[in-house]
Amino acid sequence: MAAARGCGHRSCAKLQQMKLDIEIPFALSKLDRDRRGPPIPFIVFRDDAGDPHFTINDVHRATKVLKDKLCALCGKPHKLGAMWFIGGAGAAFHERGLYIDPPVHEACGRYAIRVCPFIAAPNYSKRIEDRTLDPSKVSDSALLVDNGMDPKRPPFFVLSRASCYRLIDAGPGQVYV
């Protein structure tokens with residue numbers, strides 16, 4: 001496999017090397033791949049040119065995932081009572097904690113917490129969509145909203161199991177799980 005291109009930061013280079021050593025779960029192995037090698041999650045927004053933007057969820061796909069009880073990462077159905085959420089301490093441990101991202105399979109979630117730069121690299125805190133999203137490549141039907149995400153990266157992430165979930169409508173384009 002060719003060496004993956006990264007941003008040039010030492011922590012990102014180490015993470016990129018780790019990714020090469022981490023086995024991709026079968027459910028994710030059939031997805032399209034990013035130019036750097038990792039699978040492109042099912043709910044990741046792609047612009048009109050087909051380029052993925054990992055920090056932006058596709059609202060239409062996220063809605064389908066929630067409605068049809070699919071894994072947000074691989075797009076395959078959940079087994080009854082076996083859904084997992086990835087989030088910071090505020091979502092995982094607060095009695096009224098809410099998640100922004102839909103549930104995932106355990107194997108998909110375990111993979112994500114090991115290879116996603118935002119989750120796996122403690123020093124990764126920059127929002128990149130402003131640099132990667134070209135407005136001329138976004139159709140008029142795209143809805144780009146994030147009302148509730150804390151701009152600071154949580155100090156750690158938790159993979160939490162849930163047997164069910166309910167949706168809380170927080171206004172146009174924003175649903176909490």
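This is a predicted model, so every value here is computed, not measured.

So, about the overall build of the protein chain. The helix and strand tally for the protein chain stands at seven helices and six strands. Sorting the 177 residues of the protein chain into buried and exposed places 37% on the buried side. Sequence separation of at least 24 residues holds for 64% of the intrachain contacts in the protein chain that already meet a minimum separation of 6. In the form shown here, the protein chain has an accessible surface area of approximately 11200 Å², with 54% of it arising from carbon and sulfur atoms.

This part is about the pattern of salt bridges. A complete count under the given rule lists five salt bridges for this structure. The closest approach of N and O atoms between Asp32 and Arg46, which form a salt bridge, is 3.2 Å. Here Arg46 lies in strand S1 (residues 44-46) and Asp32 lies in the loop between helix H2 (26-29) and S1, a separation of 14 residues in the sequence. Judged by its relative accessible area of 47%, Asp32 falls in the partly exposed class. Residue classification places Arg46 among the partly exposed positions, given a relative accessible area of 32%. One salt-bridge network, in which partners are shared between bridges, spans Lys64, Lys67 and Asp68.

Turning to unusual backbone geometry, a few remarks are in order. For Lys69, which is not glycine, the phi torsion reads 55 degrees and is therefore positive. With respect to the element layout, Lys69 can be found in the loop between helix H3 (59-68) and strand S3 (83-88). For Lys69, a relative accessible area of 42% translates into the label partly exposed.

Averaged over the protein chain, the pLDDT score is 77; the fraction of residues at 70 or greater is 67%. The model gives residues 1-6 a pLDDT under 50, and that stretch makes five contacts with residues more than four places away or in other chains.

Right, let's talk about the pairing of S3 for a bit. Of all six residues in S3, six are buried, a share of seventy percent or more. In S3, alternate side chains face the same way, and those of Met83, Phe85 and Gly87 on one face and Trp84, Ile86 and Gly88 on the other are all buried. Here S3 runs beside strand S4 (residues 157-162); their pairing, made up of six bridges, is antiparallel. Of the residues in S4, the one forming a bridge with Phe85 is Ser160.

Right, let's talk about the side chain of Asp58 for a bit. Relative to the elements of secondary structure, Asp58 occurs in the loop between strand S2 (52-57) and H3. Within the buried set, Asp58 has no salt-bridge partner at all; the shortest N-O distance to an opposite charge, 4.7 Å, is to Arg61.

Attention now goes to the nonpolar core. Core analysis: the biggest nonpolar cluster contains 20 residues, and Leu28, Val65, Cys71, Leu73, Ile86, Val104 and Cys108 have the highest contact counts within it. Listed by contribution, the elements that provide at least two residues to this core are S3 and helix H5 (106-115). Here the element with the most residues in this core is H5; it accounts for four residues. The contact partners of Cys71, leaving out residues within four places of it in the chain, are Phe42, Val65, Lys76, His78, Pro103, Val104, His105 and Cys108. Core analysis: the next-biggest nonpolar cluster, separate from the first, contains seven residues, Met83, Ala91, Tyr99 and Tyr165 among them.

Among the structural elements, His53 can be located in strand S2. Measuring from C-alpha to C-alpha, the distance between His53 and Asp34 comes to 10.0 Å, with 19 residues separating the pair along the chain. Side-chain polar atoms of His53 contact the side chain of Asp47, separated by 3.0 Å.

Moving on, we get to the packing of aromatic side chains. Under the criterion given, the structure shown has three aromatic pairs. Ring geometry for Phe93 against Phe156: centres 6.4 Å apart, planes inclined by 50 degrees, an arrangement best described as tilted. Separated by 63 residues along the polypeptide, Phe93 in helix H4 (residues 89-93) and Phe156 in the loop between helix H7 (129-132) and S4 bring together distant segments of the chain. By relative accessible area, which is 40% here, Phe156 ends up partly exposed. A cation over an aromatic ring shows up here: Arg61 above the ring of Phe42, its NZ or CZ 4.3 Å from the ring centre. The positively charged end of Lys69 is found above the aromatic ring belonging to Tyr165, 4.7 Å away from the centroid.

How each quantity is defined
- Residues numbered from 1 in each chain as written.
- Predicted model: local features only at pLDDT ≥ 70, side-chain atom pairs only at ≥ 80, totals over all residues.
- Heavy atoms only, no water.
- Helix = DSSP H or I, 4+ residues; strand = E, 2+ residues; numbered from the N terminus.
- Buried < 20%, exposed > 50% of the residue type's maximum accessible area, 1.4 Å probe, protein only.
- Contact = heavy atoms within 4.5 Å.
- Areas by Shrake-Rupley, 256 points an atom, 1.4 Å probe, with all protein chains shown as cover.
- Salt bridge = Lys/Arg side-chain N within 4 Å of Asp/Glu carboxyl O.
- pLDDT = per-residue confidence, 0-100.
- Pairing = 2+ DSSP bridges.
- Lys, Arg positive; Asp, Glu negative; His and termini not counted.
- Core = buried A, V, L, I, M, F, W, Y, C linked by side-chain atoms within 4.5 Å.
- Polar contact = N/O pair within 3.5 Å; in protein donor to acceptor, adjacent residues only side chain to side chain.
- Phe/Tyr/Trp six-rings, centres within 6.5 Å; stacked < 30°, edge-to-face > 60°.
- Lys NZ or Arg CZ within 6 Å of the ring centre and 35° of its normal.

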